[in-house]
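Residues per chain, in single letters:
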Amino acid sequence: MSAKTVCTIVGARPQFIKAAPVSRALAASFREVFVHTGQHFDYGMSDVFFQEMEMRPPDFHLGAGGGTHAEQTGKMLIEIEKILNSVKPDYVLVYGDTNSTLAGALAAAKLQIPLAHVEAGLRSYNRAMPEEINRVLTDHVSSLLFCPTDAAIVNLAREGITEGVHRVGDVMYDALLHNLALARKRSTILGSLGLEKGTYALATVHRAANTDDPARMAAILQSLGSLSRRVIFPVHPRTRKMIRETGLSVSDNVRMVEPVGHFDILILQENADCILTDSGGMQKEAYLLGVRCITLREETEWVETVQAGWNKLSGVDVDAIRDAFETWRPSGERPALYGNGNAAGEICQILNRELV
Ligand code: UD1
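Values in this document were obtained by computation on a predicted structure and should not be read as measured data.

Draft legend 1. Broad picture of the packing of helix α3 (residues 69–87) against helix α4 (residues 99–110). Close contact between α3 and α4 brings their axes to 8 Å; oriented N to C, the two are set at 45°. When the interaxial angle is binned, α3 and α4 end up oblique. Remark: the crossing between α3 and α4 carries right-handed chirality. Contacts between α3 and α4 involve His69, Gln72, Thr73, Met76, Leu77, Ile80, Glu81 and Leu84 from the former and Asn99, Ser100, Leu102, Ala103, Gly104, Leu106, Ala107 and Ala108 from the latter. Its residues placed into classes, the contact of α3 with α4 shows nine nonpolar, six polar and one charged.

Below you can see the structure in the form of structure tokens.
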């Protein structure tokens, strides 16, 4: 019998990292057709991850980056439909909450190809976020919903979704276990930036709610400038553009650098005194690495990191951020919230069962 075909659709930085362990696991029993929508296209936002994770080049690259949400998602939808019609996969696999996720999900659902969503069930309950719209819609057209946390299962149940729901753990944890050992060997970032463990903070900002609101962005930069430590700030292209356009400035203790590869960001995180971020992935990585995290948002999908005492939601309140940074230290315990590091293996087993 010929191998069943799974079509993976990704397009943004965190999705390359999440797809890598699943692709490795899929290779044993599936043919995988890999589609890159091109949502992220700069070398440092895309190619570097394929190299570091030793992923083969995508089978299809749609070049659908940039534009408005409708333009970007529409372009992806049109191209993905053509690919699905010619490849005829047995399952489509999408990740997370980006426009690439939604485009892959809609295209598959309309063609009645079963859809599996990795990182299903996350909710911020803030519909102003494009990511919240993407994840809610994707979950509602998925036949398999791979949840990383207990909270995700509860969120889905509240929306009446109980079938096809599996708590498999978090593929980001699988990725971290695989990549951290390599990163420790290969990354030279601490030396090249002249950093020592525990002596600096690491900041990242890319959410539209922060970058596209000059008052919020100004408050974040002011907060970073008020900290008593050096701050390393790898700047996402969206954020760089907004800082340039609004003419905001940064204090001397804040060092803006280009986005870094995955090995470098893991090492920067592992050795930081504190991480300040609006990224979902980094809130989890901070927890898994045992580094305190201050989240520059009012809410989070990763509520268990806050409940466990390792993550503080500060919004963009300058005093709250500075106070948290200077005085707050986590409680100590770090229960295993994200599974056992074999989420990818469990996903493959479940797909195998579905496709017999
Ligand atoms: C997207 C996702 C977000 C995810 C994030 C990871 C959506 C709605 N948002 O946000 O969920 O957490 O990726 O980084 O899908 N750009 C470049 N070079 C690149 C990539 C982007 O210049 O390689 C520019 C784009 O042209 C655009 C801006 O950066 O002007 C934002 O990119 P976009 O893909 O809209 O979303 P992200 O902010 O990256």
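And the narrative resumes.
Draft legend 2. Here's a closer look at the site of the ligand. Lining the immediate surroundings of the ligand are 21 residues, of which Gln39, His40, Asp42, Asn99 and Arg238 lie closest. With respect to the ligand, the side chain of Asp97 contributes an N or O atom lying 3.2 Å from an oxygen atom. A distance of 3.0 Å is found between an oxygen atom of the ligand and a side-chain nitrogen or oxygen belonging to Glu131. Protein contacts shield 88% of the accessible area of the ligand, which totals 740 Å² for the unbound molecule. Those elements that place two or more of their residues in the shell around the ligand are α3, α5 (130–140) and α11 (237–246). Class assignment of the residues belonging to the shell around the ligand gives a composition of six nonpolar, ten polar and five charged.

Draft legend 3. Main features of the packing of α4 against α5. With their axes 9 Å apart at the nearest point, α4 and α5 run at an angle of 25° to one another. Regarding the angle of α4 to α5, the classification is roughly parallel. With respect to the hand of their crossing, α4 and α5 are arranged in left-handed fashion. Every residue of α5 that contacts α4 at Asn99, Thr101, Leu102 and Ala105 is listed here: Asn134, Leu137 and Thr138. Partitioned by chemical class, the residues of the contact of α4 with α5 number three nonpolar, four polar and no charged.

Draft legend 4. Molecular detail of the environment of Gly121. Mapped onto the fold, Gly121 is located in the loop between β5 (115–118) and α5. Judged by relative accessible area, Gly121 falls into the buried class, the value being 0%. Sequence separation between Gly121 and Val33 is 88 residues; the distance between their C-alpha atoms is 25 Å. With residues near it in sequence (within four places) discarded, Gly121 still touches Asp139, Ala152, Asn155 and Leu156.

Conventions used here
- Residues numbered from 1 in each chain as written.
- Predicted model: local features only at pLDDT ≥ 70, side-chain atom pairs only at ≥ 80, totals over all residues.
- Heavy atoms only, no water.
- Axes fitted to C-alpha atoms, helices over the stretch in contact; angles between N-to-C directions.
- Helix = DSSP H or I, 4+ residues; strand = E, 2+ residues; numbered from the N terminus.
- Parallel < 35°, antiparallel > 145°, perpendicular 65-115°, else oblique.
- Left-handed = near helix turned anticlockwise from the far one by under 90°.
- Contact = heavy atoms within 4.5 Å.
- Nonpolar A, V, L, I, M, F, W, Y, C, P; charged D, E, K, R; others polar.
- Near = heavy atom within 4 Å.
- Polar contact = N/O pair within 3.5 Å; in protein donor to acceptor, adjacent residues only side chain to side chain.
- Areas by Shrake-Rupley, 256 points an atom, 1.4 Å probe, with all protein chains shown as cover.
- Buried < 20%, exposed > 50% of the residue type's maximum accessible area, 1.4 Å probe, protein only.

Shape is all these values report; function is a separate question.
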